[in-house]
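# Observations on the three-dimensional arrangement
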Amino acid sequence: MSYKIILDSCGELTEAMKNSGNFENIPLTLKVGEKSIIDDETFDQAAFLDLVAASSDCPKSACPSPEQYMKSYECGCDRVYVVTLSAELSGSYNSACLAEKLFKEADPYTKVYVFNSKSASAGETLIGLKIAECEESGMDYDLTVKTVEEYIEAMTTTFVLEDLTFLERNGRLTGLKKIAANLLNIVPILGATPEGTICQLDKARGMKKALSKLIDIILGYCEELKAERLVISHCCASERAVYVMEKIKERFPNITVYINDTRGVASLYAGRGGIVVSV
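Note that the structure is a prediction, hence the values are computed from the model and not measured.

Summed over all chains, the structure comprises 14 salt bridges. Close ionic contact of R79 with E135 constitutes a salt bridge, the shortest N to O distance being 2.7 Å. Remark: E135 occurs in helix α5 (residues 122-136) and R79 occurs in strand β6 (residues 79-84); sequence separation between them is 56 residues. E135 matches R79 in its accessibility class, with the two residues each being buried.

Here we come to empty space enclosed by the protein. Enumeration over the complete set of coordinates arrives at one cavity of 30 Å³ or more. When residues of the lining of the largest cavity are traced back to their parent elements, those giving at least two are β8 (157-160), β9 (186-192) and α11 (264-270). Tallied by class, residues from the lining of the largest cavity come to 14 nonpolar, eight polar and two charged.

Each full turn of the α-helix corresponds to 3.6 residues, which orients residues three or four apart in the same direction. Inspection of helix α3 (residues 66-73) places P66, Y69, M70, S72 and Y73 among the buried residues, and these make up the whole buried set. Buried residues along α3 cover an arc of 160° about the axis, so they all sit on one side. Of the exposed residues in α3, the ones pointing more than 90 degrees away from its buried face are E67 and K71. On its buried side, α3 packs onto β1 (3-8), β2 (23-26), β6, α4 (92-106) and β7 (111-116).

A separate point is the side chain of R263. One can find R263 in the loop between β12 (256-261) and α11. Polar contacts involving the side chain of R263 include one to the main-chain carbonyl oxygen of D39, which spans 2.5 Å.

Sheet analysis places strand β11 (residues 229-234) next to β12, joined by six bridges and oriented parallel. By the bridge assignment, V231 is partnered in β12 with Y258. At this point the chain moves from β11, through helix α10 (residues 238-251), to the parallel β12, and the crossover so formed is right-handed.

What follows deals with the packing of α5 against helix α6 (residues 141-154). Between α5 and α6, whose axes approach to 10 Å, the crossing angle comes to 150°. What the angle tells us is that α5 and α6 run roughly antiparallel. Note that α5 runs across α6; the crossing there is right-handed. Counted together, L126, I127, K130, I131 and C134 of α5 and T144, T147, V148, Y151 and I152 of α6 form the full contact between these two elements. Each residue belonging to the contact of α5 with α6 can be placed in one class, and the counts come to seven nonpolar, two polar and one charged.

Below, the discussion takes up the nonpolar core. Counting residues in hydrophobic clusters, the biggest one holds 47 residues, and the most contacted among them are I5, F48, Y81, F115 and I131. Mapped by element, the contributors of at least two residues to this core are β1, β3 (29-32), α2 (45-54), β6, α5, α6 and α11. Looking at which element gives the most residues to this core, the answer is α5, with seven residues. Apart from residues no more than four positions distant in its own chain, I131 is found in contact with I5, Y81, V83, F115, T144 and V148. Counting residues in each nonpolar core, the second largest holds 27 residues, with A204, C222, V277 and V279 among its members.

Basis of the calculations
- Residues numbered from 1 in each chain as written.
- Predicted model: local features only at pLDDT ≥ 70, side-chain atom pairs only at ≥ 80, totals over all residues.
- Heavy atoms only, no water.
- Salt bridge = Lys/Arg side-chain N within 4 Å of Asp/Glu carboxyl O.
- Helix = DSSP H or I, 4+ residues; strand = E, 2+ residues; numbered from the N terminus.
- Buried < 20%, exposed > 50% of the residue type's maximum accessible area, 1.4 Å probe, protein only.
- 1 Å grid on protein atoms, 1.4 Å probe; cavity = no way out; pocket = protein on both sides within 12 Å on 5 of 7 lines; lining within 4 Å.
- Points joined across faces, edges and corners; volume = space filled by probe spheres on them.
- Nonpolar A, V, L, I, M, F, W, Y, C, P; charged D, E, K, R; others polar.
- Arc of directions from axis to C-beta.
- Contact = heavy atoms within 4.5 Å.
- Polar contact = N/O pair within 3.5 Å; in protein donor to acceptor, adjacent residues only side chain to side chain.
- Pairing = 2+ DSSP bridges.
- Right-handed = clockwise from strand over helix to strand, strands pointing away.
- Axes fitted to C-alpha atoms, helices over the stretch in contact; angles between N-to-C directions.
- Parallel < 35°, antiparallel > 145°, perpendicular 65-115°, else oblique.
- Left-handed = near helix turned anticlockwise from the far one by under 90°.
- Core = buried A, V, L, I, M, F, W, Y, C linked by side-chain atoms within 4.5 Å.

If you want it as structure tokens, here you go:
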């Protein structure tokens, strides 16, 4: 018996996940003006961010096609688990589900299940780690699906960004009260709703105070969830990520913390300096 865990490329893989042989990323496509960038192992974060900064066009992302997902399902494994961006933020979930339906018509024996992360970036990573934990413990397929779905309902994703421009211009902040962040140096602390949309949890004047509030919120989640692990993803902000980790470990020294640099999609929407934490 064997298994495979697929994340769309908004979810980062740790080095251990990459080396395990059980994980794979399915790339989204990033579009800046007339240029298309595949969010795969060839992605160059620095060059991409420079391209975005130099362009007057609003960059966008396009989800993987059902054909891309189907090809990945054809892996010879007995159980295939898929984790996608929140269905409220991307078409990736629907694309993966359509691929699942088509694949099962051709191969009714391989078990394929698509999880709507109701999150992004670090949240997808955290879910991938949970699936692997269930599988490695010997849990059967149905119980793994049930356990992970319950885990998704309980987990939280919180983030602070220096620039909300691309989230706003791409319609990812629908229903969120507009914040004059640039004019007033107000940094919102954002999170995910139970449905997987973006909401504002708090705000602060300046990034230093925003990080302090972010840490307080995360510490509360760690206490409430009795968390054993969390994931921090950052875009060109390794010092901030380490600072957040150290503050969390001061309170919860035994918690396992994973720090990842963002892939293409998360780099696009988080921008330089962005921090995303899932627990």
